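Examining the three-dimensional arrangement
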Amino acid sequence: IEPDAAWAEEVRELARQRDAVLLAHNYQSPAIQDIADHTGDSLALSRIAAASDASTIVFCGVHFMAETAKILAPEKTVLIPDARAGCSLADSITGAQLRAWKAEHPGAVVVSYVNTTAEVKAETDICCTSSNAVDVVASIPEDREVLFCPDQFLGAHVKRETGRDNIHVWAGECHVHAGINGPELAERAAANPDADLFIHPECGCATSALYLAGEGTVPREKVKILSTGDMVHAARDTKAKTVLVATEIGMLHQLRKAAPEIDFRAVNERASCRYMKMITPAALLRSLREGVDEVHVDLETAARARASVQRMIEIGQ
Ligand code: 13P
Ligand code: SF4
């Protein structure tokens, strides 16, 4: 199916008939981002899902995001256009693994990235996203141990920013971001000496970027470690003419819309998440026509998970 005018019209009409709000993550393909009512990062979309008065949420993103919407709004119907849209990072820790880790560190506060299953969130004290991970950890008393999961690179970023040494970090990673590596970034930065670097904290190259700044290859103020939503804000503020972007390439669409005069270049053009791209124009249409794939979370897990997601949403509001 081509995302043409007839497609757009049918999508909008079916959404109206279902009283559905369409949410799209910044990594979705451009046609999906453009048809959505709201496009944003995972924190912004969670907040919108919680506040929306639509009776149905169609989540164009990956499964844990739709599950988070269901946890926050259990009375709503939550649809994901393709339930197979998983996440390699969310798969890197299970509820049982987290329970075993907690047993090794009694009394520690568990902070989980929102890229986790409902079962993991149910074992968590406070969730976080890339845009508020530092604030969430900073809200925990200094003398309490912290277990941070599942992303090792975001964990390293939080350790660096908070200066705390009582944070234990799980060794998970996102295969897309881990693949955006330091040597590649260094090469691109050397070829574009005036460019800003926008780097998602899940990237394997975030530490390398700070290293480049430390050795003077790139001015420190040009290295910006940002969530996808904060990249859009930074795009509106920067004076740079070129920006090198280290994250999933779907992000380039929102950045180019936000600041058309800037030349945004991917650090790694192959950094495409195949799970995010399962939400095709055809899948979205099928979802709205047939009311599929519905996301369910059992009530007890949802209630426990909700407490940790709610704490996250309250921080920094
Ligand atoms: P954010 O939108 O919170 O930056 O998350 C990035 C991500 O990898 C989601 O899959
Ligand atoms: Fe998961 Fe990585 Fe895809 Fe985001 S980009 S959904 S973290 S696999």
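The notes below deal with the structure included here. (Residues numbered from 1 in each chain as written. Chains lettered and ligands numbered in written order. Predicted model: local features only at pLDDT ≥ 70, side-chain atom pairs only at ≥ 80, totals over all residues. Heavy atoms only, no water.)

Let's talk about the overall build of the protein
- When helices and strands are counted, the protein shows 15 helices and 12 strands.
- For the protein, the C-alpha radius of gyration of 19 Å lies close to 20 Å, the compact-globule estimate for 317 residues.
- Taking all contacts inside the protein whose residues are at least 6 apart in sequence as the whole, residues at least 24 apart take part in 65%.
- Working note: accessible area of the protein is about 13100 Å², and carbon and sulfur atoms make up 50% of it.
- Side-chain charges of the protein comprise 32 positive and 45 negative groups, with the mean position of each set lying 1 Å from the other. (Helix = DSSP H or I, 4+ residues; strand = E, 2+ residues; numbered from the N terminus. Rg over C-alpha atoms; globule rule 2.2 N^0.38 Å. Contact = heavy atoms within 4.5 Å. Areas by Shrake-Rupley, 256 points an atom, 1.4 Å probe, with all protein chains shown as cover. Lys, Arg positive; Asp, Glu negative; His and termini not counted. Charge placed at Lys NZ, Arg CZ, Asp CG, Glu CD.)

Focus on the packing of aromatic side chains
- This model, assessed by the stated rule, comprises 1 aromatic pair.
- Residues tryptophan 101 and tryptophan 170 carry aromatic rings whose centres are separated by 5.0 Å and whose planes lie at 65 degrees to one another, so their mutual orientation is edge-to-face. Residue tryptophan 101 is located in helix 5 (residues 95-104), and its partner tryptophan 170 is located in the loop between strand 8 (167-169) and helix 9 (175-178); the two are separated by 69 residues in the primary sequence. Across the pair, exposure class does not vary: tryptophan 101 and tryptophan 170 are buried alike. (Phe/Tyr/Trp six-rings, centres within 6.5 Å; stacked < 30°, edge-to-face > 60°. Buried < 20%, exposed > 50% of the residue type's maximum accessible area, 1.4 Å probe, protein only.)

Section: the site of ligand 2
- In the vicinity of ligand 2, the residues found are Tyr27, Val62, Cys87, Ser88, Asn115, Cys174, His175, His177, Glu202, Cys273 and Met276.
- Structurally, ligand 2 is housed in the largest cavity. (Near = heavy atom within 4 Å. 1 Å grid on protein atoms, 1.4 Å probe; cavity = no way out; pocket = protein on both sides within 12 Å on 5 of 7 lines; lining within 4 Å. Sits in = over half its atoms within 2 Å of the grid points.)

Observations concerning the site of ligand 1
- In the vicinity of ligand 1 there are 14 residues, among which His25, Ser42, Ser130, His200 and Thr228 approach most closely.
- Separating an oxygen atom of ligand 1 from a side-chain N or O atom of histidine 25 is a distance of 2.7 Å.
- Contact distances for ligand 1 include 3.5 Å between an oxygen atom and a side-chain N or O atom of asparagine 115.
- When grouped by side-chain class, the residues that make up the shell around ligand 1 number 4 nonpolar, 8 polar and 2 charged. (Polar contact = N/O pair within 3.5 Å; in protein donor to acceptor, adjacent residues only side chain to side chain. Nonpolar A, V, L, I, M, F, W, Y, C, P; charged D, E, K, R; others polar.)

Concerning unusual backbone geometry
- With omega at -5 degrees, the peptide bond leading from cysteine 149 into proline 150 counts as cis.
- Tracing the backbone shows proline 150 in the loop between strand 7 (146-149) and helix 8 (152-162).
- Of the consecutive residues valine 292 and aspartate 293, the connecting peptide bond is found in the cis state with omega at -20 degrees.
- Among the structural elements, aspartate 293 can be located in the loop between helix 14 (281-290) and helix 15 (299-314).

Digging into the sheet that holds strand 5 (residues 109-113)
- Taking strand neighbours across the sheet as the criterion, the 4 strands line up as 6-5-7-8 in an open arrangement whose pairing is parallel. Where the open sheet ends on each side, the last strands, each with one partner, are strand 6 (126-128) and strand 8. In this sheet, adjacent strand axes meet at a mean angle of 25 degrees when their direction is disregarded.
- Note: strand 7 against strand 8, 3 bridges, orientation parallel. Across the sheet, leucine 147 pairs through a bridge with histidine 168, a residue of strand 8.
- Across the sheet, helix 5 touches strand 5, strand 7 and strand 8, and the angle it forms with strand 7 is around 160 degrees. (Pairing = 2+ DSSP bridges. Axes fitted to C-alpha atoms, helices over the stretch in contact; angles between N-to-C directions.)

Quick look at the pairing of strand 3 (residues 56-60)
- Most of strand 3 sits out of view: 5 of its 5 residues are buried.
- The alternating pattern of strand 3 places Thr56, Val58 and Cys60 on one face and Ile57 and Phe59 on the opposite face, and all of these are buried.
- One ladder, built from 5 bridges, connects strand 1 (residues 20-25) with strand 3; its direction is parallel. Across the sheet, residue alanine 24 finds its bridge partner in strand 3, namely cysteine 60.
- By the bridge criterion, 3 bridges tie strand 3 to strand 4 (residues 77-79) in an arrangement that is parallel.

Shape is all these values report; function is a separate question.
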